[in-house]
Amino acid sequence: MRIRRTLTVTATTAAVAALAFTGAVPAQAAEYSSVLKIKGVRYDAPGRDSNKCSGGNTRNEYLTIKNYSKKTKVNLKGYKVRDRAGNTFVFRSNHILQPGDYVHLRGGRGTDSDGGNVVYRQNCNFIWNNDKDTIYLYLPTGKPADIHAYTKKADDRDGNGYITYHG
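Summarised in this report is the structure supplied together with it. Bear in mind the structure is a predicted one, so any value in this text is a computation, not a measurement.

1. Let's talk about the sheet that holds strand β1 (residues 36-42)
Strand order in this open sheet of five strands is β8-β7-β2-β1-β11, and the pairing throughout is mixed. Across the chains shown, the open sheet's two edge strands, defined by having one partner strand only, are β8 (118-120) and β11 (162-164). Averaged over all pairs of adjacent strands, the angle between strand axes in this sheet comes to 25 degrees, irrespective of strand direction. As paired elements, strand β2 (residues 62-67) and strand β7 (residues 102-106) share five bridges and run antiparallel to each other.

Pasting the structure below:
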């Protein structure tokens, strides 16, 4: 009788754990309704990491954000990008993404360009970790637009330092 009771408790505990697990969807697995999504990330810039503003390679680390809408233009002003450690970039200027268009948010200093599809963080420090990190994209309202966690080992199988999301 004692064995049966243990099995029942174990089965009940497993059932409760399974229910709790299905209700606790990790943030990076959730699908958000925003037309802006993270298309990919160059989390490991080619070469030896050097965050010098002159001669460094932080501009070769970038996040690609794409407007997946077929009809709607999106102004990036007010959107926020953050990593797991809390390093944050807020799009402070107007930057219009046409339907199907994208922007590279690059490290380093430079001149933003709608035509060149580039915005610079104006910061020469790397933002993405080379081994693992989480990328958060927030709407101007503060609600999540897209979130992705990555590990080099699991998500960058070819080892080129670039991971694609949403195709």
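2. Some details on the sheet that holds strand β5 (residues 88-90)
Spatial strand order, β5-β4-β9-β10: four strands in an open sheet with antiparallel pairing. For this open sheet the edge positions go to β5 and β10 (144-151), each flanked by a neighbour on one side alone. Strand-to-strand twist across the sheet, computed as the mean angle between neighbouring axes with direction ignored, equals 10 degrees. In terms of strand pairing, strand β9 (residues 132-138) meets β10 through seven bridges, oriented antiparallel. Along β10, the bridge assignment pairs Lys132 with Thr151.

3. Side note on the packing of aromatic side chains
Enumeration according to the criterion identifies four aromatic pairs in this entry. The interplanar angle of 40 degrees and the centroid separation of 4.9 Å between the aromatic rings of Tyr43 and Tyr150 together place this pair among those described as tilted. Of the two residues, Tyr43 sits in the loop between β1 and β2 while Tyr150 sits in strand β10, which places them 107 residues apart along the sequence. With a relative accessible area of 1%, Tyr150 lands in the buried category. Summarising the aromatic geometry, the rings of Tyr62 and Tyr162 are spaced 6.1 Å apart at their centres and angled 40 degrees between planes, so their arrangement reads as tilted. A residue pair is termed long-range when its members are at least 10 positions apart, and Tyr62 in strand β2 and Tyr162 in strand β11 qualify at 100 residues. Exposure class is identical for Tyr62 and Tyr162. Each is buried. Cation over ring: Lys80 sits above Tyr138, and NZ or CZ is 5.3 Å from the ring centre. Lying across the ring of Tyr136, Arg82 places its NZ or CZ 4.2 Å from the centre.

Rules of the game
Residues numbered from 1 in each chain as written. Predicted model: local features only at pLDDT ≥ 70, side-chain atom pairs only at ≥ 80, totals over all residues. Heavy atoms only, no water. Pairing = 2+ DSSP bridges. Helix = DSSP H or I, 4+ residues; strand = E, 2+ residues; numbered from the N terminus. Axes fitted to C-alpha atoms, helices over the stretch in contact; angles between N-to-C directions. Phe/Tyr/Trp six-rings, centres within 6.5 Å; stacked < 30°, edge-to-face > 60°. Buried < 20%, exposed > 50% of the residue type's maximum accessible area, 1.4 Å probe, protein only. Lys NZ or Arg CZ within 6 Å of the ring centre and 35° of its normal.

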